[in-house]
Amino acid sequence: MDWQPQENDLSQLIQLLFNTQSHNNEVQQENNMKLQELQRVPDFINYLVFVLTKMSEQPPEIRAVAGLLLKNAVAKDFNKYNQADLAYLKAQALSSFGDQDVLVRHTLGTVISTIVILGGIENWPQALSQLFLGLDSSDFNIVEGSWDTLRKICEDERTNLEVTLDNGQRPLDLMIPKFLPFFSSDNSILRIHSISTMNSFLQLKSEAIQQYLDVYISELFKRAHDTDNEVRKCVCRAIVGLLEIRPDKLVPEINNVVDYMIFSTQSEDLDLAMEACEFWLSFCDLTDLLDHLKPHLNRLIPLLLDKMQYSEQDLINLNVEENDSVVPDMSQDIKPRHHKSRLQGVSNDNNLQNQNSDDDESEDDYDDDDDDDDVYSEWNLRKCAAASLDILSTVFKNDILPFALPVLNSALSSQDWVKLESGILAIGAIAEGCSSGIESHLPSLLPLLINGCSDKHYLIRSISCWTCSRYSEWVVRPENNQYFQQLLSALLKAMLDHNKKVQEAACSAFATLEEDAGKLLSPYIENILETIIYAFSKYQHKNLIILYDSIGTLAEAVGSDLANPKYIEALMPHLMSRLATISTNFGLGHDDYDTFSFLECLSSISIAYGPAFESFASPCFYHCINMIQETLRQYQLELSGQDDQDYDKDLINVSLDFISAIIQALGSNSSKLITEDPDAPLLQLVGVCMNDSSPDVRQSAFALLGDLAQYCWDLIEKHVPFYMQHLIPQVDPQATFVNVTNNAVWSAGEIALRSKNQNFEPFVTPLIERLLLILNNPDSAVPLQENSAIAIGRIGFCSPQILAPIVESFIERWCSVLKNITDVNEKNSALQGMLNVVSSFGPDAKAELERRIL
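As a convention, each chain's residues are numbered from 1 in the sequence order in which they are written. Given that this is a predicted model, residues contribute local features only at a pLDDT of at least 70 and side-chain atom pairs are listed and counted only at 80 or more, while totals for whole chains, interfaces and linings are drawn from all residues. The basis for every side-chain value is the complete set of heavy atoms in the structure, and neither hydrogens nor water enter the calculation.

### What about the overall build of the protein?
Here comes step 1: Runs of E in the DSSP output that reach at least two residues are strands. Runs of H or I that reach at least four are helices, and both are numbered from the N terminus. Secondary structure assignment for the protein yields 45 helices and zero strands.
Here comes step 2: Here the C-alpha coordinates of the protein stretch approximately 95 × 70 × 60 Å along the principal axes.
Here comes step 3: Contacts in the protein between residues far apart in sequence, at least 24 positions, make up 74% of those at least 6 positions apart.
Here comes step 4: Looking at charge distribution, the protein has the averaged site of its 61 positive side-chain charges lying 3 Å from that of its 122 negative ones. By definition in these notes, contact holds between two residues if any of their heavy atoms fall within 4.5 Å. The convention is simple: Lys and Arg are positive, Asp and Glu are negative, and His and the chain ends are not counted. Charge coordinates come from a single atom per side chain, which is NZ of Lys, CZ of Arg, CG of Asp or CD of Glu.

### Here's the deal with the pattern of salt bridges
Side chains that differ in sign of charge can pair as their charged atoms come close.
Here comes step 1: One side-chain nitrogen of Lys or Arg within 4 Å of one carboxyl oxygen of Asp or Glu is enough to make a salt bridge. Within the structure shown, the criterion is met by 33 salt bridges.
Here comes step 2: Of the charged contacts, one joins E155 and R151 as a salt bridge, the two residues approaching to 3.5 Å between their closest N and O atoms. One end of the pair is E155 and the other is R151, both in helix α8 (residues 140–157) and four residues apart, which spans about a single turn.
Here comes step 3: Assessed through its relative accessible area of 36%, E155 is described here as partly exposed.
Here comes step 4: Between D173 and R170 there is a salt bridge, with the nearest N and O atoms lying 2.8 Å from each other.
Here comes step 5: Using a relative accessible area of 21% as the deciding quantity, one classes R170 as partly exposed.
Here comes step 6: Beyond isolated ion pairs, a larger network of salt bridges with shared partners links D148, R151, K152 and E155. The buried label goes to any residue with under 20% of its type's maximum accessible area, the exposed label to any with over 50%, and the partly exposed label to all in between, with areas taken from a 1.4 Å probe on protein chains only.

### Overview of the nonpolar core
Here comes step 1: Nine residue types can take part in a nonpolar core, namely buried Ala, Val, Leu, Ile, Met, Phe, Trp, Tyr and Cys, and a core is a set of them joined through side-chain atoms within 4.5 Å. In this structure, F201, Y216 and W814 are the most contacted members of the largest nonpolar core, which totals 292 residues.
Here comes step 2: Ignoring sequence-local partners within four residues, the contact set of W814 consists of L775, A789, I792, G793, A830, L831, M834, L849 and I853.

### Quick notes on the environment of A238
Here comes step 1: Take A238: it is sitting in helix α13 (residues 229–245).
Here comes step 2: Linking A238 and N199, residues 39 residues apart in sequence, is a C-alpha distance of 5.7 Å.

### Points about the domain arrangement of the protein
Here comes step 1: As far as domains go, the protein holds domain 1 (1–15 + 40–162), domain 2 (176–292), domain 3 (614–717) and domain 4 (724–853).
Here comes step 2: Here the bounds of each domain stem from an automatic or database domain assignment. Measuring from the centre of the C-alpha atoms in domain 1 to the corresponding centre in domain 3 gives 52 Å.

### Details of the packing of aromatic side chains
Here comes step 1: Ring pairs shown here join Phe, Tyr and Trp side chains whose ring centres sit within 6.5 Å, with only the six-membered ring taken for Trp; geometry is labelled stacked below 30 degrees between planes, edge-to-face above 60, and tilted in between. If you walk through the whole model with that rule in mind, you get 18 aromatic pairs.
Here comes step 2: Consider the rings of W474 and Y483, whose centres lie 5.4 Å apart with planes at 40°: the pair is tilted. Accessibility classification places W474 together with Y483 in one group, the buried group.
Here comes step 3: Put simply, the rings of W3, Y47, F50 and Y88 pair up and form one aromatic cluster.
Here comes step 4: Only when the NZ atom of a Lys or the CZ atom of an Arg is both within 6 Å of the ring centre and within 35 degrees of the ring normal do we say a charge sits over the ring. Over the face of the ring belonging to Y310 we find R382, whose NZ or CZ atom lies 3.9 Å from the ring centre.
Here comes step 5: Residue placement shows K649 over the ring face of Y635; its charged tip is 3.8 Å from the ring centre.

### What about the environment of L599?
Here comes step 1: Residue position: L599 is located in helix α31 (residues 595–609).
Here comes step 2: Residue L599 is classed as buried on the basis of its relative accessible area, which comes to 0%.
Here comes step 3: Taking the C-alpha atoms as reference points, L599 and I112, 487 residues apart in sequence, are found 49 Å from one another.

### What about helix α35 (residues 682–690)?
Here comes step 1: In terms of burial, α35 is largely enclosed, as seven of its nine residues are buried.
Here comes step 2: Turning to α35, its buried residues number three or more, namely L682, L683, L685, V686, G687, C689 and M690.
Here comes step 3: Buried residues in α35 make contact with α32 (614–639), α33 (650–666), α34 (670–675), α36 (695–711), α37 (713–716) and α38 (720–727).

### Remarks on unusual backbone geometry
A negative phi holds for most residues other than glycine; trans holds for most peptide bonds.
Here comes step 1: Backbone geometry places K397, a non-glycine residue, at a positive phi of 55°.
Here comes step 2: Along the chain, K397 turns up in the loop between α19 (381–396) and α20 (401–412).
Here comes step 3: In this structure K397 comes out as partly exposed when scored by relative accessible area, which is 44%.
Here comes step 4: At A735, a residue that is not glycine, the phi angle is positive and equals roughly 50°.
Here comes step 5: Looking at where A735 falls in the secondary structure, it is placed in the loop between α38 and α39 (738–754).
Here comes step 6: Given the relative accessible area of 8%, A735 is considered buried.

Pasting the structure below:
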């Protein structure tokens with residue numbers, strides 16, 4: 001006999017489900033509390049099952065809410081349910097997936113797929129059997145419900161579809177021949193289900209799909225001109241998938257495929273055109289097939305240029321006021337920001353990768369400095385076409401210009417601002433790939449682009465700033481000084497625009513110009529600072545982040561020229577006021593989105609100022625100490641379950657790196673800062689962070705340790721045994737976290753260079769063993785090999801007697817690595833250390849070593 005609900009409890013649940021539709025916040029809050037109480041009732045999921053599957057008289061929205069609550073409850077407590085409740089749930093779900101209402105059907109599909117995923121296909125084989133039978137039904141609702149559920153299972157559980165079940169069969173072997181005939185179904189919804197589900201199988205590269213691949217492609221091509229555009233979107237996605245997984249299968253028909261994708265890119269259905277446009281991005285990754293695309297460039301390039309125009313829907317979606325600079329940013333408008341921990345040694349650039357790392361806190365792929373990021377974000381047909389043109393230009397270089405220039409000339413002379421804007425975007429898109437071919441046109445193009453930075457349409461002002469930045473390398477050449485001055489003036493003006501999108505584009509473009517201009521900016525510092533200071537009062541949160549980046553880039557570009565007292569007096573009060581605000585709010589739950597950018601900015605400024613930063617060092621230093629201590633404390637509370645917030649260890653990384661910058665700026669004077677307050681235990685915190693679970697924290701800690709060795713040796717000398725004890729295990733020959741290993745090696749070399757007593761000697765042998773494994777491993781990253789060679793050479797200063805007996809075993813490899821190092825100071829210190837080692841073999845040995853290196 002089926003489980004039956006209590007009428008009073010059922011009525012109460014129905015009312016609560018209705019209340020979820022209320023727009024009254026108080027009703028919603030009270031309702032959520034009552035629902036949470038009900039979840040503790042043993043039969044709660046049975047009531048939800050009953051409403052979802054049995055109460056067809058209730059509105060579909062209410063039944064769907066019950067289904068979503070059921071899905072969430074199952075996902076949370078699946079392993080806690082007794083077998084009777086699960087059996088009831090499974091039975092009712094399988095008997096109802098053909099419900100007459102599509103919303104209820106699809107909600108049931110989500111519930112069933114959740115159970116399959118959590119429990120495993122092998123533990124509920126009846127589900128697949130029932131769903132397969134449903135595909136053969138004459139009732140469309142049952143067929144569509146079966147398909148919707150199977151599609152969800154296949155998307156989320158596809159890697160387990162090749163597992164052999166107790167009956168000796170693999171689900172995938174049954175599914176593929178069952179699904180393929182639906183490509184030709186009379187119902188477009190079923191065609192969509194079947195094609196999209198088969199597309200997910202394609203990613204598996206399994207034997208099961210390979211044996212049906214030719215049939216799959218044949219059936220797919222039959223749907224190329226389907227009357228339903230949603231089906232054609234699935235076809236385009238499938239062709240892109242084939243291009244990425246099995247391009248060889250498309251080669252025999254490649255010209256027809258290219259023709260079809262060009263035809264589909266022309267579609268007035270913007271979503272279909274965008275699906276087709278993705279094809280060109282994937283095609284350009286296949287160098288072996290590029291010759292097949294070249295004959296079609298005469299049609300493809302003008303088409304992409306045409307599709308780069310804003311559509312009417314794009315302009316509606318933007319929904320931006322021309323003058324919106326006073327409108328505060330929403331938190332969701334601000335992208336997460338991640339700090340990049342410092343790399344030290346001969347390759348101080350962030351090119352090393354954390355290979356083989358599966359740690360969630362390893363180096364993030366997100367690149368904060370990608371100047372194309374915002375131009376190609378908010379993905380739509382316009383952005384896809386622009387990105388396609390960009391990559392096509394890098395592949396075919398100037399060969400695309402004969403097809404692009406006539407269209408560009410027409411766009412750039414157009415009175416239609418939408419067409420003009422697309423032309424300016426296109427000029428920026430081809431900047432990298434067609435740099436040599438477009439260069440002769442720049443004297444006429446640059447004035448047009450610079451004028452665009454002050455156009456009456458804010459979208460033209462915005463895109464003109466970005467496009468100008470793409471040619472900043474040409475602008476800063478000595479012979480183009482007139483354009484440099486004009487562009488700098490235009491960007492500074494645009495940075496103070498009344499539109500936030502223009503501010504953002506101008507500020508980002510200015511940062512790019514700074515990187516290329518370097519010291520060329522020194523005569524204009526005063527004007528630049530006037531703009532920056534005014535922008536402080538004008539910018540909302542999102543653009544403040546970019547503004548801080550541009551200030552830091554300015555400091556890196558002009559260096560000590562920024563340390564002029566009048567510049568310091570103009571800039572620093574604003575920055576120190578912001579620091580005081582962040583320090584006051586830290587730990588109080590305030591969202592300081594710009595903290596990382598701000599502290600990175602101050603780090604760059606401190607190095608540029610050098611000793612002139614001393615008057616600002618103390619509050620900066622103690623703010624960093626506080627951030628490190630508090631974040632570590634909060635993280636411990638989180639681990640112990642006393643705090644459920646997710647604390648960001650990037651706060652530790654940026655603080656450690658800022659302290660490193662302060663130490664570099666103050667040099668030996670930083671010892672006084674570090675020791676003036678005994679309650680600011682920097683040296684102990686470095687030791688803690690060297691052993692943190694986050695590789696990024698360890699990376700920054702070792703960078704700071706090396707700086708302390710360089711500038712504050714008197715403070716750390718007595719702690720060398722402690723530091724070396726924890727450092728040596730991080731000198732990992734496998735370089736699992738290569739950036740951590742790199743900085744640990746570098747800091748070990750800095751310590752070795754200065755060690756004159758017995759504190760270091762006990763650690764030399766195990767350290768050398770690890771360094772030699774890195775040095776002799778041809779798969780080690782080159783910068784890591786070079787830093788290891790430098791560290792080995794420096795050990796020669798403090799422990800030549802340990803190196804001398806084994807020097808012949810590694811000297812040849814050591815010389816070949818050291819010879820290629822371009823940093824003269826690092827190279828010479830390592831060489832002098834090794835000369836100290838070989839001096840015991842006589843003057844000829846020293847002369848031979850110098851000859852081999854120099």
